[in-house]
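# Examining the three-dimensional arrangement
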Amino acid sequence: MIDEIRYRSYFDALLTGRRNTCRNIVLKLREEDVPLESIYVDLFQRSLYEIGSMWEQNRISVATEHLATAITEYLMAVLYSTLFIPDPKDRSIVVSCVANEYHQIGGKMVADILEARGWNTYFLGANTPIADMLNLVQEKRPDWVALSLSVYFNMPQLERAIEELRRIGSGFGIVVGGQAFQWCKTAFTERYPDIPICASLYDIDVLEPISKKARTR
């Protein structure tokens, strides 16, 4: 865990757009061997959720929210350059934001963590058309497809993606995650009891690889 004093120092710098201060704090945490998952969850995710809440309450502008997002993406790139990426093992995942979903940081976090653990990761980014995502899944034949949803009103796009994925085959697992599930986790689980929800990066251990021999496609 990252202590509250350190978090507040980082948050204040992020909120006021002081990118270099944020960078120095993050690199210091890495020097202290703070796990990447902790930096992503206890610093990046927590701060962006707090800033998003402030924007919803009209306490900050869209420009401030976008600046914080851009700084966070920059810091993730800085951290990625410090990682040791092992040779990939025989497990893979396609990570994609659903159509009309422009918040890609959560999905990128999942891809980074799994790549550092030796997965083959294919991160498609924001607003990926369903047809293109399906084509890549058929080409790569992953163990898992992870779908990210931050905005609850994009739920119909997520449901459509799930149905299309099920139509093309059953040789992979589907997992979902994102801020939207703070409001719809129970309803989603009732409709899709076989699809796990990763509410946090700490939940990604559920992604046990599916045996290649079990593929039915």
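To keep things clear, this report deals only with the structure shown in the data block. Each chain has its residues counted from 1, running along the sequence as written. The predicted origin of the model limits local features to residues at a pLDDT of at least 70 and limits the giving and counting of side-chain atom pairs to 80 or more, whereas totals for whole chains, interfaces and linings rest on all residues. Working from all heavy atoms in the structure, the side-chain values ignore hydrogens and water.

### Focus: the sheet that holds strand β1 (residues 92-97)
The following threshold applies: A pair of strands is considered paired only if DSSP assigns at least 2 bridges between the two. Each helix is a run of DSSP H or I of at least 4 residues and each strand a run of E of at least 2, with the numbering of both proceeding from the N terminus.
Taken together, five strands build an open sheet; the order of strands is β2-β1-β3-β4-β5 and the sheet is parallel. The two strands at the open ends of the sheet, each matched to only one other strand, are β2 (120-123) and β5 (197-198). In this structure, strand β3 (residues 144-148) lies alongside strand β4 (residues 173-177), joined through five bridges in parallel fashion. Bridge assignment links W144 to a residue of β4, and that residue is G173.

### Focus: the packing of aromatic side chains
The following threshold applies: Between 30 and 60 degrees the pair is tilted, below 30 it is stacked and above 60 it is edge-to-face, where a pair is any two Phe, Tyr or Trp rings, Trp via its six-membered ring, whose centres lie within 6.5 Å. The buried label applies to any residue whose accessible area, calculated with a 1.4 Å probe on protein chains only, is under 20% of its type's maximum; exposed applies above 50%, and partly exposed to all values in between.
The tally for this structure, following the rule as stated, stands at six aromatic pairs. Measuring from centroid to centroid gives 6.1 Å for Y10 and F44, while their planes differ by 40°, and the two rings are tilted. Here Y10, found in helix α1 (residues 4-15), pairs with F44, found in helix α3 (residues 36-56); they are 34 residues apart in sequence, far enough to count as distant. Like F44, Y10 is buried. Ring geometry for F188 and Y192: centres 4.9 Å apart, planes at 40°, overall tilted. Put simply, the rings of Y10, Y40 and F44 pair up and form one aromatic cluster.

### Quick word on the pattern of salt bridges
A pair can form between side chains of opposite charge whenever their charged atoms are brought close. The following threshold applies: Only one rule defines a salt bridge in this text: a Lys or Arg side-chain nitrogen within 4 Å of an Asp or Glu carboxyl oxygen.
On inspection of all chains with the given rule, the structure shows eleven salt bridges. A salt bridge links E159 to R191; the nearest nitrogen and oxygen atoms lie 3.1 Å apart. Residue E159 is located in helix α7 (residues 155-168), and its partner R191 is located in helix α8 (residues 181-191); the two are separated by 32 residues in the primary sequence. Salt bridges sharing partners connect three or more residues here, namely E4, R8, R46 and E50.

Geometry only, nothing functional implied.
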